[in-house]
Amino acid sequence: MKTDHELIQQFKNGDNSAFDELVKRHLDAVYQFFVRITIDEMDAEDLAQSVFIKLFKSLKKFRFEAEFTTYLYRAKVNTANSYLTRNKWRNFLHLDQTPEQTYTNEEPRISKSEIWTHVAKLPGKQRNVVMMRLNQELPFKEIGLVLNMSEGTAKVNYHHGINKLREWLKDIYEL
């Protein structure tokens, strides 16, 4: 099995089937990343397709200074940021996904869409770190590499982001 770098080199040399192999290899992970953020399979498909279109256009300039997965994470995060910014109001409302109010003795549950709606409100660095940590379960060291920051800075941004989320969700649900 060829490595990602070998496939990229083949693609740079004009072999489009090498790009197809990269897509097959990484499509499911990219799609799952967006499903968790959008809570909508069609939006996730569109965003995954968008990432691979961007890669197709830019991969000829790949410099082999980092792993392809790092490059791919960056593309996913940028696309997710654009999506969250573009759809802020739609994400905020999510009226079609709001569960009916029921009255039980159970603690109120927070839906995934509500969490991602609040993640979208975080400042850029905090949002990126929280998205990568919660969605991809990446270690802080790798998050730092992808976002061009130190591991410690990634941890601090995550800590501040999670604290803001707790504060916002506490206010909503009086937890």
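Position labels on residues start from 1 in each chain and follow its written sequence. Since the coordinates come from a predicted model, pLDDT governs what is reported: local features require at least 70, and pairs of side-chain atoms require 80 or more to be given and counted, while whole-chain, interface and lining totals use all residues. With hydrogens and water excluded, all non-hydrogen atoms of the structure serve as input to the side-chain values.

**Q** Before we move on, could you go through the overall build of the protein and cite the residues and values that matter?
**A** Summing up its helical and strand segments, the protein has nine helices and zero strands in all. Only DSSP runs of H or I with at least four residues qualify as helices, and only runs of E with at least two residues qualify as strands; both kinds are numbered from the N terminus onward. Mapped from its N terminus to its C terminus, the protein presents α and β elements in the order α-α-α-α-α-α-α-α-α. Buried residues in the protein amount to 40% of all 175 residues. A 1.4 Å probe and the Shrake-Rupley method give the accessible areas. Residues count as covered only by the protein chains that appear here. Counting only carbon and sulfur atoms, one obtains 51% of the accessible surface of the protein, whose full area is about 10900 Å². Only protein chains enter the accessibility calculation, which uses a 1.4 Å probe; a residue is then buried when its area is under 20% of its type maximum, exposed when over 50%, and partly exposed in between.

**Q** Give a detailed account of the pattern of salt bridges, specifying residues and quantitative values.
**A** A side-chain nitrogen of Lys or Arg and a carboxyl oxygen of Asp or Glu constitute a salt bridge if their distance falls within 4 Å. Evaluated as defined, the whole model comprises three salt bridges. For Glu65, the salt bridge goes to Arg63, with nearest N and O atoms at 3.4 Å. Judged by relative accessible area, which is 63%, Arg63 ranks as exposed. One salt bridge connects Glu151 with Lys155, and the closest N-O pair in it is separated by 3.7 Å. Placement of the pair is Glu151 and Lys155 together in helix 9 (residues 151-173), with a separation of four residues, close to one helical turn. On the basis of relative accessibility, which here comes to 36%, the residue Glu151 falls in the partly exposed class.

**Q** Residue-level account of the nonpolar core, with values.
**A** For soluble globular proteins, nonpolar side chains are generally found buried alongside one another. Core analysis: the biggest nonpolar cluster contains 46 residues, and Phe34, Leu55, Leu59, Met131, Met132, Ile143 and Leu147 have the highest contact counts within it. For this core, the leading source of residues is helix 2 (residues 16-38), giving nine residues. The contact criterion used throughout is that any non-hydrogen atoms of two residues lie within 4.5 Å. Ignoring sequence-local partners within four residues, the contact set of Leu147 consists of Arg74, Val77, Asn128, Val129 and Met132. Side-chain atoms within 4.5 Å are what join buried Ala, Val, Leu, Ile, Met, Phe, Trp, Tyr and Cys residues into a set we call a nonpolar core.

**Q** Now, about the side chain of Asn81: what can you tell me, with residues and values included?
**A** As for its placement among the helices and strands, Asn81 is situated in helix 4 (residues 68-86). Pairing of N or O atoms within 3.5 Å defines a polar contact, subject to two protein rules: one partner must be a possible hydrogen donor and the other a possible acceptor, and residues neighboring in sequence count only if both atoms are side-chain atoms. Only 2.6 Å separates the side chain of Asn81 from the side chain of Asn128, close enough to count as a polar contact. Beyond its immediate stretch of four places on either side in the chain, Asn81 contacts Arg127, Asn128 and Met131.

**Q** Go over the packing of helix 7 (residues 124-136) against helix 8 (residues 140-147), please, and point to the residues and values.
**A** Following both chains from N to C, one finds helix 7 and helix 8 inclined at 135 degrees, their axes separated by 10 Å at the closest point. Considering their axes alone, helix 7 and helix 8 lie oblique with respect to each other. Our pair here, helix 7 against helix 8, has a crossing hand that is right-handed. Of the residues in helix 8, those touching helix 7 at Asn128, Val129, Met132 and Arg133 are Phe140, Ile143, Val146 and Leu147. Residues were grouped as follows: Ala, Val, Leu, Ile, Met, Phe, Trp, Tyr, Cys and Pro as nonpolar; Asp, Glu, Lys and Arg as charged; and all remaining residues, including Gly, as polar. Its residues assigned to classes, the contact of helix 7 with helix 8 shows six nonpolar, one polar and one charged. In this analysis an axis means a line fitted to C-alpha atoms, helices contributing only their contacting stretch, and an angle means the value between N-to-C directions, from 0 to 180 degrees. For classification purposes, angles smaller than 35 degrees are called roughly parallel, those larger than 145 roughly antiparallel, those between 65 and 115 roughly perpendicular, and all remaining angles oblique. The sense of a crossing depends on the near helix, which, turned anticlockwise from the far helix by less than a right angle, makes the crossing left-handed and, turned clockwise, makes it right-handed.

Taken by themselves, the reported measurements are silent on function.
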